[in-house]
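Examining the three-dimensional arrangement
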Amino acid sequence: MDTTVIIGNGAAGTNAAAALRKNGYAGAIKLIGEEVALPYQRPPLSKTWLLGPDRPHPIPIRPLSFFEANRIELIRARKVVGIDRTARDIRFSDGKTTKFDTLILATGASPRRLDLPGGDLKGVRYLRNLGDSAGLRHALTDPDCRDVVIIGAGVIGLEVASAAIELAKTATVIESAARAMARVASPATTNFITQRLTEAGVRFLFNKKIQGFGASGCRVSSVSLGDGTVVKADLVLAGIGATPNVELAEAAGLDCDNGICVDQDMRTSDPKIFAIGDCASGDSKFAPGKLRIETVHNAITQAQIAAAAICARERPAPVAPRFWSDLKDMKVQAVGIAAGYDLVRSNASQHPPSLEVHLKCDDRLVATETVNLPNRQSALAKAISPVVLTDVR
């Protein structure tokens, strides 16, 4: 009987296991994760979990009964340290091994670390998993924590800034670029969001370079900028992007380039090994060039594609990438990839606050962005068509 091993039990890995069974896969499935908890939803890590009255409890992606009913072997609190492509086995940190016929790498990504003087001080935090979220929430609710500094005006940074304001802290967002969310959204949308967050009390410092951190004892006390500005800080959250976890793939000799290289079926350079989710880099049918898309929606989509390929089923129809975020009193949603557009059409309202943005290239809709218009996303998604039809191999 064939065995498929999945390394990583986040949204990508867990949905791959479910999709295999749905596609009729009859072999053994082993789903491996490094954390003790059942596979859980990660979006609340930087949203509602930071505001709750108690220690956050993970929301399972699937209940334990699902894994039992679908004969998916959950291997928790185990770290994989090596892949032997010749022997077709993986090695755990305790030296034990397990065989595979097919392997899916859903290893995700890790927060990019600060390489600055004082970057290892207490009070400088990152956010990726349940433990990070619990620690950050504890720090945010500490009465002695008054001034919160967020480095990086990406989605995670703005969500934490929103939580800090809700908890009556001062929140300063420091960004090296000229605007917030520059990698994922258009200026029309980010300017609207920045204005709303500024009105709510968030302070933004754009085009700023960080020189290092000041300390009071062993704790962070300030952030020093390149122009001489010093920003008081009782807590610092670094949200400067993520690095794909490719160490296992690289050591196994798989092709990697800002992620594990995959084709349109999510196969790596080894046809029996697949990669999905935040760790995977490949062509998109919605934008030119190799992309690595860090969203739950993309993780689920790629899981379904890989499962179909393993089960020799037809590849699912292309679906435009999408993401969402909750920022203060705003629900931000986007469909498509905000790149390569030459025309922006936007319609904003302040009463109540809402925004709809269309990004076009040669009069073809390539992406849309909305704020506080949740019922529009499905209709807008249908208007975005695949435009890149080349295959990797």
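Residue numbers run consecutively from 1 along every chain, following the written order of its sequence. Local features in this predicted model are restricted to residues whose pLDDT is 70 or higher, and side-chain atom pairs enter the listing and the counts only when it is 80 or higher, whereas totals over whole chains, interfaces and linings include all residues. Values shown for side chains rest on all heavy atoms present in the structure; no hydrogens or waters enter the calculation.

Quick look at the sheet that holds strand S12 (residues 202–205)
At least two bridges found by DSSP between two strands is the condition for calling them paired. Working definition: helices are DSSP H or I runs of at least four residues, strands are E runs of at least two. Numbering for both runs from the N terminus. As summarised here, the arrangement of the five strands in space is S9-S16-S10-S11-S12, forming an open sheet in which the pairing is parallel. Every other strand in the sheet has two partners, leaving strand S9 (124–125) and S12 as the edge strands with one partner each. Strands in contact with helix H3 (residues 130–140) are S9, strand S10 (147–151) and strand S16 (235–238); relative to S16, the strand with the most contacts, it is inclined by about 150°. Any pair of residues with heavy atoms lying within 4.5 Å of one another is described as a contacting pair. Under this scheme, a helix contributes an axis fitted over its contacting stretch, all axes are lines through C-alpha atoms, and angles between N-to-C directions fall in the 0 to 180 degree range. Docked against the sheet, helix H4 (residues 155–166) engages S10, strand S11 (170–174), S12 and S16, running at close to 165° with respect to S11.

Side note on the pattern of salt bridges
Any carboxyl oxygen of Asp or Glu within 4 Å of a side-chain nitrogen of Lys or Arg constitutes a salt bridge here. Counted under the stated rule, the structure contains 20 salt bridges. The shortest N-O distance in the salt bridge between Asp 270 and Arg 85 comes to 3.0 Å. Of this pair, Asp 270 sits in the loop between strand S18 (260–261) and strand S19 (273–275) while Arg 85 sits in the loop between strand S4 (80–84) and strand S5 (89–92), and the two are 185 residues apart along the sequence. Assessed through its relative accessible area of 4%, Asp 270 is described here as buried. Salt bridges linked by common partners bring Arg 85, Arg 88 and Asp 270 together as one network. Partly exposed describes any residue whose relative accessible area lies between the buried limit of under 20% and the exposed limit of over 50%, with all areas from a 1.4 Å probe on protein chains only and scaled to the type maximum.

Looking at the packing of aromatic side chains
Geometry of aromatic contacts follows a simple scheme: Phe, Tyr and Trp rings, the Trp one being its six-membered ring, pair when their centres are within 6.5 Å, and the pair is stacked under 30 degrees between planes, edge-to-face over 60, tilted otherwise. One pass over the structure, following the stated rule, counts three aromatic pairs. The interplanar angle of 10° and the centroid separation of 5.4 Å between the aromatic rings of Phe 204 and Phe 206 together place this pair among those described as stacked. In this structure Phe 204 comes out as buried when scored by relative accessible area, which is 14%. Overall, the relative accessible area of 21% leaves Phe 206 in the partly exposed class. Between the NZ or CZ atom of Arg 62 and the centre of the ring of Phe 66, over which it lies, the distance is 4.3 Å. Any Lys NZ or Arg CZ that is within 6 Å of a ring centre and within 35 degrees of that ring's normal is treated as a charge sitting over the ring. A cation sits over an aromatic face here: Arg 113 above Tyr 126, 3.9 Å from the ring centre.

A look at the packing of helix H1 (residues 11–22) against helix H7 (residues 296–310)
Packing of H1 against H7 brings their axes to within 8 Å, and their N-to-C directions diverge by 35°. Judged by the twist between their axes, the crossing of H1 over H7 is right-handed. Contacts between H1 and H7 pair Ala 11, Ala 12, Asn 15, Ala 16, Ala 19 and Leu 20 from the former with Val 296, Ala 299, Ile 300, Ala 303, Gln 304, Ala 307 and Ile 310 from the latter. Considered class by class, the residues forming the contact of H1 with H7 number 11 nonpolar, two polar and no charged. Each crossing gets its handedness from the near helix: less than a right angle anticlockwise from the far helix is left-handed, clockwise is right-handed. Only Asp, Glu, Lys and Arg are considered charged, only Ala, Val, Leu, Ile, Met, Phe, Trp, Tyr, Cys and Pro nonpolar, and every remaining residue, Gly among them, polar.

Here's the deal with the sheet that holds strand S20 (residues 280–284)
Overall, mixed pairing links the three strands, which are arranged S18-S20-S21 in an open sheet. Because the sheet does not close on itself, it has two edges, and the strands there are S18 and strand S21 (287–291). When S20 meets S21, the two strands line up antiparallel, connected through three bridges. Among the inter-strand pairings, Gly 282 is bridged to a residue of S21, identified as Leu 291.

What about the confidence of the model for the protein?
Confidence scores per residue from the predictor, reported as pLDDT, run from 0 to 100. This prediction gives the protein a mean pLDDT of 94; 97% of its residues lie at or above 70. Low pLDDT, under 50, characterises residues 389–393; the stretch is placed with 17 contacts to residues that sit more than four places away or in other chains.

Re the pairing of strand S26 (residues 364–371)
Residues in a regular strand project their side chains so that they alternate between the two faces of the sheet. With seven of eight residues buried, S26 is to be regarded as a mostly interior element. Sheet topology note: the strand S23 (residues 330–336)/S26 ladder contains five bridges and is antiparallel. Across the sheet, Gln 333 pairs through a bridge with Thr 370, a residue of S26. Examined bridge by bridge, strand S25 (residues 353–361) and S26 share seven bridges and lie antiparallel to one another. Directly across from His 358, in S26, lies its bridge partner Thr 368. If you look at the hairpin formed by S25 and S26, you'll find two residues sitting between the two strands, and Asp 362 has a positive phi there, around 55°.

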